[in-house]
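Geometric and topological summary
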Amino acid sequence: MVSAKVDSEADILSNLNINAGDWPSNLVKNLCLLSPDQIELGKMLVEMGQSHLFQQWTDPGVEDNKKKAFFAQVAKLNSSYPGGLASYIKNARELLADSKVGRNPYDGFTPSVPTGEVLSFGDDNFIKYEEAGVKEAQNAAFVLVAGGLGERLGYNGIKVALLAEATTGTCFLQLYIESILALQEGSCRLTQGTFQKDIPFVIMTSDDTHTRTLEVLESNSYFGMKPTQVKLLKQEKVACLDDNDARLALDPHNKYQIQTKPHGHGDVHSLLYSSGLLKVWLYAGLRWVLFFQDTNGLLFKAIPASLGVSATKQYQVNSLAVQRKAKEAMGGITRLTHSDGRSVVINVEYNQLDPLLRAAGHPDGDANCETGYSPFPGNINQLILELGPYIEELTKTGGAIKEFVNPKYKDASKTSFKSSTRLECMMQDYPKTLPPTARVGFTVMDKWLAYAPVKNNPEDASKVPKGNPYHSATSGEMAIYRANSLILIKAGVQVEGPVQQVFNGQEVEVWPRITWKPKWGLTFSEIKIKVRQSCSVSQRSTMVLKGRDIFLEDLSLDGALIINCIDGAEVKVGGSIQNKGWLLERINYKDTSSPEELRIRGFKINKLEQLEQTYSEPGKFILKPQC
Ligand code: UTP
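Quick look at the structure, then. (Residues numbered from 1 in each chain as written. Predicted model: local features only at pLDDT ≥ 70, side-chain atom pairs only at ≥ 80, totals over all residues. Heavy atoms only, no water.)

Bringing the overall build of the chain into the picture now. Check the secondary structure of the chain and you find 18 helices and 35 strands. Each principal axis of the C-alpha distribution contributes one length, and for the chain these read about 100 × 55 × 50 Å. Looking at the 627 residues of the chain, the share that counts as buried comes to 55%. Nonlocal contacts in the chain, meaning residues at least 24 apart in sequence, comprise 71% of its contacts between residues at least 6 apart. Looking at charge distribution, the chain has the averaged site of its 69 positive side-chain charges lying 2 Å from that of its 70 negative ones. (Helix = DSSP H or I, 4+ residues; strand = E, 2+ residues; numbered from the N terminus. Buried < 20%, exposed > 50% of the residue type's maximum accessible area, 1.4 Å probe, protein only. Contact = heavy atoms within 4.5 Å. Lys, Arg positive; Asp, Glu negative; His and termini not counted. Charge placed at Lys NZ, Arg CZ, Asp CG, Glu CD.)

We now examine the side chain of Thr205. Following the sequence through the fold, Thr205 ends up in strand 6 (residues 201-205). A polar atom in the side chain of Thr205 sits 2.7 Å from the side chain of His210. Not counting residues up to four positions away in its chain, the partners in contact with Thr205 are Ala146, Gly147, His210, Thr213, Leu232, Leu233, Lys234 and Gln235. (Polar contact = N/O pair within 3.5 Å; in protein donor to acceptor, adjacent residues only side chain to side chain.)

The next point concerns the environment of Phe292. Following the sequence through the fold, Phe292 ends up in strand 13 (residues 288-293). Judged by its relative accessible area of 1%, Phe292 is buried. Residues Phe292 and His338, 46 residues apart in the sequence, show an inter-C-alpha distance of 30 Å. Ignoring any residue separated from it by four or fewer positions in sequence, one finds Phe292 in contact with Phe142, Val143, Leu144, Val145, Tyr176, Phe201, Leu299, Phe300 and Gln382.

A word on the sheet that holds strand 28 (residues 542-546). The 4 strands are arranged 25-28-30-34 in an open sheet whose pairing can be described as parallel. Each having just a single partner strand, strand 25 (513-516) and strand 34 (611-615) make up the two edges of the open sheet. Each strand axis lies, on average, 5° off the axis of its neighbour in the sheet, ignoring direction. Two strands pair when backbone bridges link them, and strand 25 and strand 28 are joined in this way by 4 bridges, in the parallel orientation. Note on strand 28: the bridge partner recorded for Arg513 is Thr542. (Pairing = 2+ DSSP bridges. Axes fitted to C-alpha atoms, helices over the stretch in contact; angles between N-to-C directions.)

Moving on, we get to the nonpolar core. One recurring pattern in soluble globular proteins is that nonpolar side chains are buried together. Counting 116 residues, the largest nonpolar core has Phe142, Leu173, Phe201, Leu488, Leu561 and Val573 as its most contacted members. The biggest single contributor to this core is helix 7 (residues 172-190), with 9 residues. Not counting chain neighbours up to four residues away, the residues in contact with Val573 comprise Ile550, Phe551, Leu552, Glu553, Leu555, Leu561, Ile563 and Leu623. Core analysis: the second largest hydrophobic core is formed by 39 residues, Trp23, Leu53, Phe71 and Ala246 among them. (Core = buried A, V, L, I, M, F, W, Y, C linked by side-chain atoms within 4.5 Å.)

A few words now on the site of the ligand. Taken together, the neighbourhood of the ligand is formed by 17 residues, with Val145, Glu151, Lys159, Gln235 and Asp294 sitting nearest. Here an oxygen atom of the ligand sits 3.5 Å away from a polar atom, N or O, in the main chain of Leu149. Note that an oxygen atom of the ligand is positioned 2.6 Å from one of the side-chain N or O atoms of Lys159. Here the ligand has 560 Å² of accessible area as a free molecule, and 85% of this is covered by the chains. (Near = heavy atom within 4 Å. Areas by Shrake-Rupley, 256 points an atom, 1.4 Å probe, with all protein chains shown as cover.)

What follows covers the pattern of salt bridges. Using the criterion set out here, one finds 37 salt bridges in the structure. In this structure, Arg189 and Glu185 form a salt bridge, with 3.4 Å as the shortest nitrogen-oxygen distance. You can see Arg189 and its partner Glu185 sitting in helix 7, 4 residues apart, about one turn around the helix. Taking relative accessible area as the criterion, Glu185 reaches 14% and is therefore assigned buried. Between Arg548 and Asp549 there is a salt bridge, with its nearest N and O atoms 3.2 Å apart. Residue classification places Asp549 among the buried residues on the basis of a relative accessible area of 19%. If you follow the salt bridges from partner to partner, you end up with Glu185, Arg189, Lys519, Arg548, Asp549 and Asp567 in one network. (Salt bridge = Lys/Arg side-chain N within 4 Å of Asp/Glu carboxyl O.)

Buried within helix 9 (residues 267-275) we find Asp267, Val268, His269, Ser270, Leu271 and Leu272. Positive backbone phi, at 80°, marks Gly276, one or two positions downstream of helix 9.

A few words now on the packing of helix 6 (residues 124-136) against helix 11 (residues 299-313). At a minimum axis distance of 6 Å, the contact between helix 6 and helix 11 shows a crossing angle of 85°. Our classification of the angle between helix 6 and helix 11 gives roughly perpendicular. Of the residues in helix 11, those in contact with Phe126, Tyr129, Glu130, Ala132, Gly133, Val134 and Glu136 of helix 6 are Lys301, Pro304, Ala305, Leu307, Gly308, Val309, Ala311, Thr312 and Lys313. Split into classes, the residues belonging to the contact of helix 6 with helix 11 amount to 9 nonpolar, 3 polar and 4 charged. (Parallel < 35°, antiparallel > 145°, perpendicular 65-115°, else oblique. Nonpolar A, V, L, I, M, F, W, Y, C, P; charged D, E, K, R; others polar.)

Before going further, it helps to examine the packing of helix 7 against helix 11. The geometry of helix 7 relative to helix 11 is characterised by a closest axis approach of 10 Å and an angle of 30° between their N-to-C directions. Taken as axis vectors, helix 7 and helix 11 run roughly parallel relative to one another. For the crossing formed where helix 7 meets helix 11, the hand is right-handed. Here helix 7 contributes Tyr176, Ser179, Ile180 and Leu183 to the contact with helix 11, which in turn contributes Phe300, Ile303 and Pro304. When grouped by side-chain class, the residues that make up the contact of helix 7 with helix 11 number 6 nonpolar, 1 polar and no charged. (Left-handed = near helix turned anticlockwise from the far one by under 90°.)

End to end, helix 11 covers 21 Å across 15 residues, agreeing with the expected 21 Å (1.5 Å per residue, within 8%). Across the 15 residues of helix 11, 13 count as buried, placing the element largely inside the fold. Two residues or fewer past helix 11, Gln314 is found with a positive phi of approximately 55°. (Expected span 1.5 Å × (residues − 1).)

This next bit is on the packing of aromatic side chains. In this structure the tally under the stated criterion is 24 aromatic pairs. Considering the side-chain rings of Phe54 and Phe71, the 6.2 Å spacing of their centres and the 20° angle between planes classify their relative orientation as stacked. A residue pair is termed long-range when its members are at least 10 positions apart, and Phe54 in the loop between helix 3 (36-47) and helix 4 (64-79) and Phe71 in helix 4 qualify at 17 residues. Across this residue pair, the class does not change: Phe54 and Phe71 are buried. Centroid distance Tyr81 to Tyr88: 5.1 Å. Interplanar angle 80°. Geometry classified as edge-to-face. (Phe/Tyr/Trp six-rings, centres within 6.5 Å; stacked < 30°, edge-to-face > 60°.)

A few words on the side chain of Ser270. Within the secondary structure layout, Ser270 lies in helix 9. With relative accessibility at 13%, the residue Ser270 sits in the buried group. Engagement of the side chain of Ser270 in a polar contact is seen with the backbone oxygen of Asp267, the distance being 3.2 Å. Not counting residues within four places of it along the chain, the set of residues in contact with Ser270 comprises Pro82, Gly398 and Gly399.

These figures capture arrangement, not role.
The following block contains the structure:
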């Protein structure tokens with residue numbers, strides 16, 4: 001019996017031209033359990049120096065289900081990486097060898113300032129681009145990368161379900177969807193289209209976020225978007241690596257499972273490519289794909305003008321950027337030119353930019369220019385890609401993005417790691433493989449308008465050195481009020497300036513809590529039309545505009561005003577409105593009696609008194625109370 005089985009194992013191996021002596025005996029013993037596909041995978045693992053994975057395998061008949069699960073995992077890791085697991089291991093060896101010798105990936109490259117468009121909010125140029133962008137929006141698809149763990153934020157929910165602001169209780173996902181829907185409607189209106197095209201919306205999730213993202217969408221009726229418009233693509237994790245030979249790491253709690261970690265947001269390109277969606281979009285006549293991240297409550301204020309820049313300048317790649325002080329901890333958009341003729345416009349991390357400039361003969365490194373800012377704009381990782389050239393490029397690369405590895409070595413010999421590592425990739429590295437002729441540019445926006453991500457937990461944010469951004473739930477929310485106040489000021493409203501307050505150990509500017517639905521204020525020119533004569537808002541005020549056709553006319557607000565109206569109801573709001581209003585009441589993030597989503601920002605809203613009006617019938621209405 002036994003000898004017959006050994007014979008058949010030997011037969012299997014000889015059929016595959018494998019010398020049984022080259023295979024780990026524990027794998028040979030278990031060959032009878034494996035399908036031909038699994039044997040092929042086993043062969044690949046052995047050839048790629050991964051025999052250690054089978055070292056602790058038991059005899060057949062014991063833990064067989066776990067062995068099958070092991071191969072199921074290997075098959076998944078193999079199919080979800082461009083070129084398969086063998087490529088992953090090969091790439092890992094090369095990158096680990098480079099990391100060991102400290103090779104600089106930018107050796108031989110000279111940095112220079114690329115060309116792009118610098119916009120100033122509200123001027124004629126900005127308004128022109130906004131209009132062009134809104135017209136173009138019906139030819140766009142939006143892609144949200146939302147597979148990240150959010151370890152720095154430490155929030156128990158998924159990041160897209162976190163409130164962007166507590167005044168209306170709108171979460172990031174709702175804000176994003178309502179912004180896309182407002183663009184969809186606004187684009188149709190502006191081009192006088194006869195029917196509204198649905199703008200596709202893709203969300204890249206991961207095992208850490210997928211189910212909860214779907215739950216948030218389903219329990220909120222997709223926030224008004226058609227479910228068919230939304231597509232979730234789940235990224236897979238990649239195998240962890242134990243040493244410089246790229247030996248795959250086993251899970252410390254399960255000897256039949258390879259340890260895995262997230263591969264980074266660069267996966268979005270291969271996922272989009274393999275999903276087939278890009279071609280569907282191309283056939284449907286779309287031209288643009290916009291990529292954005294999970295917690296930037298300001299982003300959509302910058303989208304219309306940036307898309308307008310892409311369309312007008314015909315950029316194949318347009319990176320959204322903000323002014324950046326020299327040496328500020330954000331990547332700089334840089335042109336890198338190699339002596340061999342290669343040239344790319346790419347994000348260079350701030351700690352690499354300064355030495356690169358010094359090495360290229362700029363003794364001051366990354367220094368401010370006459371504008372008071374670094375000439376290298378700060379990358380905020382929101383990209384607009386032209387669909388046609390994007391598909392062409394991905395057809396060549398399969399969507400693979402240049403990866404990096406960041407092992408934490410035990411000591412200077414760089415021979416062993418403190419813990420397992422893995423390859424990672426970033427979506428903004430997409431232009432690295434483009435030819436020098438590719439039209440790659442950037443659009444610089446005012447930072448207050450475009451960028452306020454929520455990444456850090458209260459404790460870490462409170463320790464951020466003075467002058468640097470907190471990037472916390474508190475600062476993200478306050479940035480929305482500030483941006484809305486500044487926009488209204490530019491439109492001619494007298495908005496009282498902010499007071500300084502401290503929440504969760506972070507000193508922030510508190511402006512009036514002004515919020516509006518994206519459809520109220522899609523562009524600056526629209527907002528200007530909706531604000532008439534002499535309006536004023538005091539610092540302690542709250543103003544919430546939930547509806548498209550709300551016009552502020554000679555309004556003096558000192559308190560809380562909430563207007564809800566359906567499309568088709570036009571409301572003029574004016575006169576003097578005064579009441580006790582809504583107060584920000586400080587709470588400590590350690591006080592578990594308050595919900596986490598409020599604790600994380602350090603305040604709750606005490607709704608003392610407000611004027612709230614709802615218009616649920618079409619028609620023209622005037623709200624003009626007199627104090
Ligand atoms: P972050 O830099 O915020 O990283 O990602 P993170 O992993 O979410 O958070 P930390 O580092 O653990 O604190 C930027 C964007 O990329 C997405 C995030 O969801 C966020 O929108 N992301 C990140 C992915 O989609 N996949 C990943 O593997 C990593």
